Amino acid sequence: MDDTRLLFQARYPATLARLARELTCAQAEIWSFDDAPTRRAAEAALALRGVRAHCRSAYKPLLHAFLEEIETAGLAEARILCPRHPEAAPGRFLLEAYPLPALFPLTEFDLQEGPDSTAMPAYRLSLGYVSGMRREMTVLAPNRLHRDHAMQPALSPCGWLIRDGQGEKLLTDYETLYRDAMRAVAAAPWQKAPFFQELEISATLPVRDRALGWGDEAVSLVEALHEDLYFSLIEHFRHRLGRPPGDRGLRPGQIVPRIRQGEGHSLRIETRPWGRSAEEGGCQPLDRAREALSPQQIAAELAHLPGRPFHARSVAGRVIEGRYLPGRDRAVMISAGQHANEVSGPVGALRAAQELAGREGAHFALCPLENPDGYALRQRLARDNPRHMLHAARYTALGDDLEYRQGPPDAERALRDQAYCLSAALLHVSLHGYPAHEWTRPLSGYVPRGFEGWTLPRGFFLILRHHPGWGAAAARLAEAVIARLRQVPGLAERNAAQLALARRHGVLPEAPQGFIRLLTEDRRAPVPLMLITECPDQSLLGDGFVAAHEAQRAAVIAAYEAFQQLDLGDRPLV
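What comes next is a walk through the structure. (Residues numbered from 1 in each chain as written. Predicted model: local features only at pLDDT ≥ 70, side-chain atom pairs only at ≥ 80, totals over all residues. Heavy atoms only, no water.)

Describing the environment of Gln297
Inclusion rule: Per the convention used, a helix needs a DSSP run of H or I reaching at least four residues, while a strand needs a run of E reaching at least two, with both numbered from the N terminus.
By secondary structure assignment, the location of Gln297 is in helix α8 (residues 295-303). Remark: the alpha-carbon pair of Gln297 and Leu127, spanning 170 residues in sequence, is separated by 53 Å.

Brief notes about the packing of helix α6 (residues 173-187) against helix α7 (residues 221-240)
Heads up, the condition is: Here an angle of 0 to 180 degrees is reported between the N-to-C directions of two axes, which are lines fitted to C-alpha atoms, with helices fitted over the stretch in contact. When describing relative orientation, an angle under 35 degrees is termed roughly parallel and one over 145 degrees roughly antiparallel, while 65 to 115 degrees is termed roughly perpendicular and anything else oblique. Two helices crossing with the near one rotated counterclockwise from the far one by less than a right angle form a left-handed crossing, whereas a clockwise rotation gives a right-handed crossing. Between two residues, a contact is recorded if the distance between any of their heavy atoms is within 4.5 Å.
Where α6 meets α7, the closest approach of the two axes is 11 Å, and the angle between their N-to-C directions is 30°. One way to sum up the angle between α6 and α7 is to call them roughly parallel. For the pair α6 and α7, the sense of crossing is right-handed. Across the interface between the two elements, Tyr174, Leu177, Tyr178, Ala181, Met182, Val185 and Ala186 of α6 pack against Leu221, Ala224, Leu225, Asp228, Leu229, Ser232, Leu233, His236, Phe237 and Arg240 of α7.

Describing the pairing of strand β21 (residues 427-434)
Every regular strand shows the same layout, with side chains that alternate between the two sheet faces. Basically, it comes down to this: Here's how the labels work: a residue is buried when its accessible area is under 20% of the maximum for its type, exposed when over 50%, partly exposed in between, all with a 1.4 Å probe on protein chains only. In short, DSSP must find at least two bridges between two strands for them to pair.
Counting buried positions over the eight residues of β21 gives eight, a clear majority of the element. Here β21 shows a buried face lined by Leu427, Val429, Leu431 and Gly433 and a second buried face lined by His428, Ser430, His432 and Tyr434. In this structure, strand β19 (residues 332-336) lies alongside β21, joined through five bridges in parallel fashion. Directly across from Ser335, in β21, lies its bridge partner Ser430. In the sheet, β21 pairs with strand β24 (residues 529-536) via eight bridges, with the strands oriented parallel. By the bridge assignment, His432 is partnered in β24 with Glu534.

Some details on the nonpolar core
Selection criterion: We call a set of buried Ala, Val, Leu, Ile, Met, Phe, Trp, Tyr and Cys residues a nonpolar core when their side-chain atoms join them within 4.5 Å.
Counting residues in each nonpolar core, the largest one holds 87 residues, and the members touching the most others are Phe66, Ile80 and Leu125. Not counting the four nearest positions on each side in its chain, Leu125 is found in contact with Leu62, Phe66, Ile70, Arg79, Ile80, Arg135, Glu136, Met137 and Val139. Listed in part, the 62 residues of the second largest apolar core include Leu325, Leu462, Ala548 and Phe563.

By themselves, these figures tell us nothing about what the structure is for.
See below:
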C-alpha cells in the first residue's frame, strides 16, 4: 500500500487549436472550457482560414456573455428568464448566473426561473438601456444529460459546436482529461480500503483564473477540476463499496488532485506514500496573520500557553497537540482544524486561548489543529493555488471525516477524547469554515452533490447541536454569541452583502439580525452543547483573512463568557 505506482499518464491536444486547423464551414459557434485569451486566439486563427467563429465559455455562459459580448455601458435593466430542467438541481441556472448583480451595480437585474423543459437550456434576456433602446436575446447554455459517479442523473455543462446552423456535442480536452482520470482510477485493481496512502492526480491546464472584482469571486477552471475530481472519486469509491450517499466514514486513503495552470493539457495518476515534506513556514503576528499559519507556528503558539500539554498521533504519524488549563470557571472545549482547508479556525482558536489564559479562573481545553495530515496537504496544494478552496485537504489521510469515525478512539480522535476527559466540558466550541466564493462541480451537474446548501457565501453563521432537553440553553447561547458578533467591526456589513446576493440567486436562508443560526437536536457528541462556527474563509488572504480569524476569536470569547452565565437549571456542571 505504501509503494509508488503509476496508473496512467497522457497529454491532450488542445480542442480549439485542432478546430482552428481542421474546421471547415462558413460560420461556427464553439463552446469550450478555455479562458478568454485562448478563445480569442482561436477566433483569429479561424478567421484567417475564412471561418467566422464565436468561441464561448461552456462554463458559466451567461456570466461570460455579460463579460465579453453584451454591451453593458448604459445598461439600465436586465430581465433574465433562467432555464429549468427536470434533471437539474433546484435553482441550478439561477446559481450559474452568480454573481452578475454584484458585478454590474448600476443595472437592475430581475432573475426568474422559467418552466421545466427538457430542451437544450438557454437564458432569455430582455435588456433595457438608458437611451431607451431595448434588446432581446438568447444565451445558449450547452449541457448533456448523463449519470454521475454516484450513478445519479446529472445535467452538466459540455462542449458544443454549431457549424453553419447545425449543432453537435463537442468532446473537449477538459472533459476528456476528467473522463480519463475517472476511468483510470475505476479500472485499477484495488483490494481493500484504504486502497492507497496517497492517490495523486496531477494535471495541468493552459487556463488562467479570472478575478471578478467582487469579494473573493473568480472564474477558475483549475479549481473547478480539482473539486470535481476529488468529490467524483469519493462518490466512485463510495458506490464501489456499496456505502450510502453522503457517507463520511469512507476510508479510501488520501485523494490528491494537484491541478495547476501549465503550458498544455496533461494528466498523471499515481499512488505513493503519504507526503512527509518539511512543511516549513514563516512566523506571522498572530493577531494580524494574513494567511494560514505554518504547522510550526501553530505548535509554537500552543507551547507558549500555560496548562497541561496532551497529545496524540495522526494516521500518518504527525504529532497532534493540545493544552488543558484547569480553573474555577465552567470548562469549555475549543477546537479547530477538523476540516483542514478551513484555515481561519486555528488562528482564531489560538488568539482566543491566549486571551482567556490571562483571566483568573479560566478553564478550557484547546485543540487548535485536529487534522494535521489534511493541513499539511492544504499547505502543499496552496503553494500552487493559494486562493482555491482545496477540498482535498478537508478530510484525514485515510479520507474520512473525524466526526464520523466509528469505533474506539484512535489516532486523531484520541486527542478530542482526551480533551473531553480532562476538562469534563459541557460546551464544545468547534471552529469551521466554508468557501468564500462560489463552489461548483461543472462536469457533475454543476451544484456539488451532498453540499447543495454550501454553494454560495452567506456570511458568518452558527450551528448549535444539543442533546435532548438542552434546546432552550442552546438557543440562549446562540443569541448571546450573535449579539457579540454584531459588534465586530465590518462583520454585519459583510454578512448583509453576502446574504443579499445569495438571495438574488435563489438561496433564501433565514437570518434574524443578519446572522444565520441552525439549531438541531443531536445525540452524537459526548457533550450536551456544541457550538459550530461557519466562516466563509477557505480561499481568503490578506485583510479578508484577518477579518475572518477576528470573527472566529470573537465567537469563542462570546461563547465562553455566555456559557459562564447560562442558566443550566439543575443540570450537572461536571
